[in-house]
Amino acid sequence: VTTLDWDNSFVSVYSADNPNLLFDMNGFEVRIQPICAKQNAVIGGTGASTTTYKDGVWNLQNETTKEMTAQAHLRVEEE
């Protein structure tokens, strides 16, 4: 049993089942999802890509190869 002081903590769990990086910063909630994890997800049995293009979503790319490697999803906290 332990106690965590969330105001001064950063926690991220990364695994094959949870490839997201989640954190809060300056009133924003941020989720970074690797593209390779999205492409490996099977949606409706089709294996289709789930790349999202909308407000609050930024594509992150490798500066050298210009390959899109992840997407960052931003949301304003409700406080």
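Let me begin by describing the structure that accompanies this report. (Residues numbered from 1 in each chain as written. Predicted model: local features only at pLDDT ≥ 70, side-chain atom pairs only at ≥ 80, totals over all residues. Heavy atoms only, no water.)

## Some remarks on the sheet that holds strand β4 (residues 68-76)
Strands belonging to one sheet form pairs held by backbone hydrogen bonds; the direction of such a pair is parallel or antiparallel.
And then number 1: Across the sheet, 4 strands lie side by side as β1-β2-β4-β3; this open sheet has antiparallel pairing. Whereas interior strands pair on both sides, the edge strands pair on one side only; in this sheet they are β1 (21-25) and β3 (57-61). Taking the axes of each pair of neighbouring strands and ignoring which way they run, one obtains an average angle of 25° across the sheet.
And then number 2: Where β1 and strand β2 (residues 28-34) come together, 5 bridges link them in antiparallel fashion. What sits directly across from Asp24, in β2, is Glu29. (Pairing = 2+ DSSP bridges. Helix = DSSP H or I, 4+ residues; strand = E, 2+ residues; numbered from the N terminus. Axes fitted to C-alpha atoms, helices over the stretch in contact; angles between N-to-C directions.)

## Some remarks on the environment of Asn62
And then number 1: With respect to the element layout, Asn62 can be found in the loop between β3 and β4.
And then number 2: For Asn62, a relative accessible area of 31% corresponds to the partly exposed category.
And then number 3: Those residues within four positions of Asn62 in sequence are excluded, and the remaining contacts are Glu67 and Thr69. (Buried < 20%, exposed > 50% of the residue type's maximum accessible area, 1.4 Å probe, protein only. Contact = heavy atoms within 4.5 Å.)

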